[in-house]
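# Architecture and fold: a report
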Number of protein chains: 2
Amino acid sequence: MRKAELSEYDLLNSELFRLSRLTERVHTRHTAKQNDGVERAAYLLLVMLVKHGPRRLSVLAEEVHSDASTVSRQVAQLVRLGLVERRPDPTDGRASTLAATEAGEHNIECKRRVRNEAYAELLANWTEQDRRRLHELLARFNDDFEGYFL
Amino acid sequence: MRKAELSEYDLLNSELFRLSRLTERVHTRHTAKQNDGVERAAYLLLVMLVKHGPRRLSVLAEEVHSDASTVSRQVAQLVRLGLVERRPDPTDGRASTLAATEAGEHNIECKRRVRNEAYAELLANWTEQDRRRLHELLARFNDDFEGYFL
DNA sequence: GCGAGATGCTTGTAGCGTACAATTAGTTGT
DNA sequence: ACAACTAATTGTACGCTACAAGCATCTCGC
């Protein structure tokens, strides 16, 4: 069986696949226990709201590259949990402005702390420079990725 | 723990989240067209078989960090499509050895070529060094990730 | 050898995350 | 004022996943 040579792209692709699976795996293991009702995807929306301020559903959907219908359901969940509130948009009766509540901000702050401690431990043997480099390269990759396909 | 460190992890985490979403998004956009029946997750299994040789389902499942039941269904799909074949395991009547067929190898070789061309274009402005560095750091991150949680 | 427990795999079921299509309600342009 | 557009929601379907239950087979201690 003649095996084609593996290019550097294959190697990179493997690691990207691997990262997906690991992330998925760790998530399902981890959140099974601390079941506080906030799903991962919804959590991402909450983070966006806290980080970048109140905005409309449609804007949010575009930012995370999800369909509006998907985001709609996730937002509904967050509203049900009291982590996000809807404010009528004065300029458009169809839309609402979505904003994180106090409880919402508190929720992500807690998770943030736990998560960052895990990162600190996970990356304990890394140099400051390598950590920064990974972030930079990843950010650049994402930028290019986004620009290339979307 | 200093605050500067914390925000560094936040940034990294953001990019990891972003990568997930982008990957997901591009996948659904892309594979909607070339619908040849091989799902993404199943494709990963096929890659493993071609790359690392025939093996049992249970081994495969562990390698990709998925449940055996999940892998069982995906393998069944690949067998149905003629991309993988089951060979009775001479040493154990319960198990089969799974192996990629000619068609299976051909299938991933085609995809590999298309994908690598996309990568080449996507990373056209990158230096060889940066591409290699991203791969290295990512691989290292995955290793640590794997070791930390599993 | 033989029966109990372990192991390899499959099937049943359920949940999340997603997208597309259809619907409802409100807005805008002419 | 009415048609065309837009924001959001709801209906539906599918992929990926895990856990639990079941079936077939193997292994080991006796």
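Report follows, based on the coordinates. (Residues numbered from 1 in each chain as written. Chains lettered and ligands numbered in written order. Predicted model: local features only at pLDDT ≥ 70, side-chain atom pairs only at ≥ 80, totals over all residues.)

### Section: the relation of the copies chain A and chain B
Stated precisely, the cut-off is as follows: Superposition of the copies used a least-squares fit over C-alpha atoms from residues whose pLDDT is at least 70 in both. Here the contact rule is simple: place C-beta atoms from the backbone, and any two residues whose C-beta atoms are within 7 Å are in contact.
With an axial shift of 0.0 Å and an RMSD of 0.1 Å, the rotation relating chain A to chain B amounts to 180 degrees. Here the two chains are linked by the operation of a two-fold rotation axis. Of the interface residues in chain A, 95% have counterparts in chain B that sit at the interface too, so the contact is made through matching surfaces.

### Observations regarding the interface of chain A and chain B
Our working definition: Secondary structure elements are defined from DSSP: runs of H or I of at least 4 residues count as helices, runs of E of at least 2 residues count as strands, and each element is numbered from the N terminus. Nonpolar residues are Ala, Val, Leu, Ile, Met, Phe, Trp, Tyr, Cys and Pro. Charged residues are Asp, Glu, Lys and Arg, and all others, Gly as well, are polar.
Each partner contributes residues to the interface: chain A has 42 residues there, and chain B has 45 residues. Those elements that place two or more of their residues in the side of chain A that touches chain B are helix 1 (8-31), helix 5 (102-122) and helix 6 (128-149) of chain A. Tallying contributions element by element places helix 1 of chain A first for the side of chain A that touches chain B, with 16 residues. Looking at side-chain class alone, the side of chain A that touches chain B contains 21 nonpolar, 8 polar and 13 charged residues.

### Comments concerning the nonpolar core
So the rule is basically this: In these notes, a nonpolar core means any group of buried Ala, Val, Leu, Ile, Met, Phe, Trp, Tyr and Cys residues linked to one another through C-beta atoms within 7 Å. Here exposure depends only on C-beta density: within 10 Å of a residue's C-beta, 20 or more other C-beta atoms make it buried, 12 or fewer make it exposed, and intermediate numbers make it partly exposed, the C-beta atoms being placed from the backbone.
The biggest cluster of nonpolar side chains holds 17 residues, and the ones touching the most others in it are B:Leu45, B:Leu46, B:Leu49, B:Leu78 and B:Val84. Going through the elements one at a time, helix 2 (40-52), helix 4 (68-80) and strand 3 (96-100) of chain B are the ones with two or more residues in this core. No other element matches the 7 residues that helix 2 of chain B contributes to this core. For B:Leu45, the contacting residues outside a window of four places in its chain are B:Leu60, B:Val64, B:Val71, B:Gln74, B:Val75 and B:Leu78. Among the nonpolar cores identified, the runner-up in size contains 16 residues, and A:Leu12, A:Leu137, B:Leu137 and B:Leu138 belong to it.

### Considerations on the protein's contact with DNA strand C
Operational definition: Any residue whose C-beta atom, as set from the backbone, lies within 6 Å of a molecule or strand is reported as near that molecule or strand.
Taken together, 28 residues sit near DNA strand C, with A:Glu39, A:Ser69, A:Gly93, B:Ser58 and B:Ser69 positioned nearest. Counting residues per element, the ones that place at least two in the surface near DNA strand C are helix 2 (40-52) and helix 4 (68-80) of chain A together with helix 1 (3-31), helix 3 (57-63) and helix 4 of chain B. Considering every element that reaches the surface near DNA strand C, the biggest residue donor is helix 4 of chain B, with 5 residues. A per-class count over the surface near DNA strand C returns 6 nonpolar, 9 polar and 13 charged.

### Quick look at the sheet that holds strand 2 (residues 84-88) of chain A
All names here are of chain A. This is how it is decided: Note on pairing: two strands pair once DSSP finds at least 2 bridges between them.
One open sheet accounts for 3 strands, arranged 1-3-2; its pairing is antiparallel. With partners counted over all chains shown, the strands left at the sheet margins are strand 1 (55-56) and strand 2, one partner each. Where strand 2 and strand 3 (residues 96-100) come together, 5 bridges link them in antiparallel fashion. Pairing of Glu-85 across the sheet is with Ala-99, part of strand 3.

### Brief notes about the protein's contact with DNA strand D
Close to DNA strand D lie 29 residues; A:Ser58, A:Ser69, B:Glu39, B:Ser69 and B:Gly93 are nearest. Looking at the surface near DNA strand D, the elements that each hand over two or more residues are helix 1, helix 3 (57-63) and helix 4 of chain A together with helix 2 and helix 4 of chain B. Sort the elements by how many residues they give to the surface near DNA strand D and helix 4 of chain A lands first, with 6 residues. The class makeup of the residues in the surface near DNA strand D is 7 nonpolar, 9 polar and 13 charged.

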